[in-house]
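# Coordinates in review
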Amino acid sequence: YSSGELNQITALSDVGYLNEAAPDPSELLGLVDVNDPESSLEDRVRSYLQANCVSCHQPGGTAQSLWDARISTSLNDAGILGGALLNDFGHAGNRVVAAGDLDRSMLLQRIATRGEGQMPPLGSSQLDEEGIELLSEWILGLSNGARARLESVLSLIHI
């Protein structure tokens, strides 16, 4: 800006583009670089979903679905893990994300599809290979994480 470096949210607030004063930008939840190995896998996935899916997948959005891609919605409340589908694509075991099961995780299947049923539905003719790899790693890791937590609990019982 002509006055120097300024956070864009603060600048928009200062000139009256927002209905109310913006909070301190340092207190806002931010996205992480999906390729940043210093960030957790979950944070990278949630940032990917926020950046790529939230325009439709949120309460009041245009998607015909039950899950919420907003990073501000806790993972437990987002309807992603084990989340129900409006269309189970012919298999009752399909979920938005089925921990440890790439084939039953319809979020991944739709992102890994081009043509009818692809996500995003418009503006994309090529697969997002990095996104597919990121989501696959996370989905497979969910079962490992659950198994590790279970083993940890069981080890406490057998003390």
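Only a predicted model underlies this, so the values are computations on that prediction, with no experimental measurement involved.

### Looking at the overall build of the chain
Along the chain, the regular secondary structure elements total 4 helices and 0 strands. The secondary structure elements of the chain, listed N-terminal to C-terminal, are α-α-α-α. In the chain, which comprises 159 residues, the proportion classed as buried is 25%. Contacts spanning at least 24 positions in sequence make up 35% of the contacts within the chain whose residues lie at least 6 apart. As displayed, the chain offers around 10500 Å² of accessible surface, 50% of which is attributable to carbon and sulfur atoms.

### Looking at the state of the cysteines
All told, the structure shown has 0 disulfides when counted by the stated rule. Here C53 is not disulfide-linked; the sulfur of C56 is the nearest cysteine sulfur, at 8.7 Å. We classify C53 as buried; its relative accessible area is 11%.

### What to know about the nonpolar core
Grouped together as the largest cluster of nonpolar side chains are 21 residues, with contacts concentrated most on L49, W67, I80, V97, L107, L135 and W138. Elements represented by at least two residues in this core include exactly helix 2 (41-53), helix 3 (106-111) and helix 4 (129-157). At 6 residues, helix 4 tops the list of elements feeding residues into this core. Setting aside anything within four residues of it in sequence, one finds W138 in contact with L41, E42, V45, L75, I80, L81 and V97.

### Notes on the confidence of the model for the chain
When pLDDT is averaged along the chain, the result is 88, and 90% of the positions lie at 70 or above. Across the chain, the element-wise mean pLDDT spans from 75 in helix 4 up to 96 in helix 2.

### Remarks on the pattern of salt bridges
Evaluation of the coordinates by the stated rule reveals 1 salt bridge. With a shortest N-O distance of 2.6 Å, R70 and D68 are connected by a salt bridge. For R70, a relative accessible area of 28% corresponds to the partly exposed category. With a relative accessible area of 6%, D68 lands in the buried category.

### Quick notes on the layout of surface pockets
Here the largest pocket is characterised by a volume of approximately 580 Å³. Lining the largest pocket are 29 residues, with H57, A63, W67, R110 and M119 sitting closest to its centre. At 4 residues, helix 3 tops the list of elements feeding residues into the lining of the largest pocket. Along the lines of polarity and charge, the residues of the lining of the largest pocket split into 17 nonpolar, 9 polar and 3 charged.

Criteria and cut-off values
- Residues numbered from 1 in each chain as written.
- Predicted model: local features only at pLDDT ≥ 70, side-chain atom pairs only at ≥ 80, totals over all residues.
- Heavy atoms only, no water.
- Helix = DSSP H or I, 4+ residues; strand = E, 2+ residues; numbered from the N terminus.
- Buried < 20%, exposed > 50% of the residue type's maximum accessible area, 1.4 Å probe, protein only.
- Contact = heavy atoms within 4.5 Å.
- Areas by Shrake-Rupley, 256 points an atom, 1.4 Å probe, with all protein chains shown as cover.
- Disulfide = S-S within 2.5 Å.
- Core = buried A, V, L, I, M, F, W, Y, C linked by side-chain atoms within 4.5 Å.
- pLDDT = per-residue confidence, 0-100.
- Salt bridge = Lys/Arg side-chain N within 4 Å of Asp/Glu carboxyl O.
- 1 Å grid on protein atoms, 1.4 Å probe; cavity = no way out; pocket = protein on both sides within 12 Å on 5 of 7 lines; lining within 4 Å.
- Points joined across faces, edges and corners; volume = space filled by probe spheres on them.
- Nonpolar A, V, L, I, M, F, W, Y, C, P; charged D, E, K, R; others polar.

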